[in-house]
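Secondary and tertiary structure notes
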Amino acid sequence: MARVTVVLVMLILSFFQRKTPISTSLASGQEDVVDTPGLHNALWIIKHESRVILYWSDNLTKEETEKYTVKYILSYKFFNTSHEWKERLREKKKIIRLELHSGFNAKVKTQLFAKETEDVIKESGWAEFTYKAPPVYIQNLSCIIYNSSFFNCTWHIKAEAPEDIQIFFSYRHVGKDFECQQYIKNARKKNIGCHMKKISFQQSKKINLNITVRDLRNNSRRLSYYKAFTPETIEKLNPPIIVSVSLENRSIKIHWKSPPTIGSEKSKCFLYQVKRTDCKIVDVTAEKYEYPFHKPANKCAAQVRVKKETCIRNKIWSEWSEPVFIHDEKTVDVMLLSLTSFCLLIFLGGLLLCACRRYRCLEFITMPVPHPSDNIKTWLEADETHHQKQMSMQMEMHSEVTMGIPEENGDESIQQQKCLKESVLEDL
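Okay, the overall build of the chain next. A count of helical and extended segments in the chain gives 5 helices and 27 strands. Counting only residues that meet the buried cut, the chain has 33% of its 428 residues in that class. Within the chain, residue pairs in contact and separated by at least 24 positions form 61% of the contacts whose partners lie at least 6 positions apart. Roughly 28,300 Å² of accessible area belongs to the chain as shown, and the carbon and sulfur atoms make up 54% of that amount.

Here it is in structure tokens:
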């Protein structure tokens, strides 16, 4: 149940304290805007876990609310900040999210406008209110989503924080609660960050963080701080992918593709920056960058980075892509030579094709090889038959000689056989 704190602050302006009312003349000639002494506001708050609801009332009569258009000017500023928030409202309440702030100063005044002209007729003085929240022991909370499914949050513990406390982290997204998977600790074993992986996000649903400070000596004593993010606003994209360079029409063109993202992948959502050696960084909305070719003296490299800009405001740039060497003397000479050679080959090929068609060269090239005549076939067959007969006669002579040699001739016969074999092999 929400803890309700009611504080009534009445601003009483006496006629005797200010002898003349404050008035402002408008250039359009309308009647003076009078800071009416009898018109005042009262303020109070209702404190919820993650927010404070500031209410106020006025003392307008029924006739005044029917005759005029009533609006309220709200101004508030958090402790230890210089920025002041100002709003013009019709309702008598404002939800203020404390996040990691320890309180705020607020003030409200009522303005009455003419219904026909919307000119300010009269207004009240300021009614002020100060709200002091419970102590905040952490600061510099920072969260980031990267690689589409990794989620990191870090924070610092203030020096005045008690020694016996520990910080615990959780968050709520699409109706589910998630506890920290892995804490990051400092030298004193205090949790100063949380690392989570393999997380899925819905781009339109907020991430509601809950950071709880717990007293380790008394577990019932705890403080909770809340902060909300839209996933796309804290996503750090990977560098652009498939970065390439080409030379076209005497211009250098750098091309790339957008990296994966948890949100919209429409090309209009991305803002790129191109960095070239010794050149200013250039903002680019398309997936290419082109500039005139000027042959440099030294090697030149280009890199690209990206962030979400148009569809949703994101201040986190990706890392720079790997450098691509777009043109030095050798690279440009090779590119020009390749381009020239390619064009020359196409020209010569076309010229050769036309000449062949003109002089019917293709008919001679594609003419079929004639088959051998019957006389040639007969001659080849006769020659093969004659060769086979010679082979068979030599084998018969060899066998007869071998059988007629006496055994006692021993070594001589063996030697003669070797000679005979060699002569037969030579004939073959």
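From this point on, the discussion continues.
Another aspect to go through is the pattern of salt bridges. Side chains that carry opposite charge are capable of pairing whenever their charged atoms lie near each other. According to the stated counting rule, one finds 14 salt bridges in the structure shown. Residue Arg217 is joined to Asp164 by a salt bridge in which the shortest nitrogen-to-oxygen separation is 3.0 Å. Remark: Asp164 occurs in the loop between strand E13 (150–157) and strand E14 (165–173) and Arg217 occurs in the loop between strand E18 (207–215) and strand E19 (222–229); sequence separation between them is 53 residues. Where Glu290 meets Lys253, a salt bridge forms, and the shortest distance between an N and an O atom there is 3.9 Å. Here the residue Glu290 occupies a position in strand E25 (residues 288–292), and Lys253 occupies one in strand E22 (residues 251–257), the gap between them amounting to 37 residues. What makes Lys253 buried here is its relative accessible area of 17%. Because the salt bridges share partners, they merge into one network encompassing Lys307, Glu309 and Arg313.

Glancing now at the sheet that holds strand E26 (residues 301–308). Read from one edge of the open sheet, 4 strands run E24-E23-E26-E27, paired in antiparallel fashion. Each having just a single partner strand, strand E24 (282–284) and strand E27 (324–325) make up the two edges of the open sheet.

Thresholds applied
- Residues numbered from 1 in each chain as written.
- Predicted model: local features only at pLDDT ≥ 70, side-chain atom pairs only at ≥ 80, totals over all residues.
- Heavy atoms only, no water.
- Helix = DSSP H or I, 4+ residues; strand = E, 2+ residues; numbered from the N terminus.
- Buried < 20%, exposed > 50% of the residue type's maximum accessible area, 1.4 Å probe, protein only.
- Contact = heavy atoms within 4.5 Å.
- Areas by Shrake-Rupley, 256 points an atom, 1.4 Å probe, with all protein chains shown as cover.
- Salt bridge = Lys/Arg side-chain N within 4 Å of Asp/Glu carboxyl O.
- Pairing = 2+ DSSP bridges.

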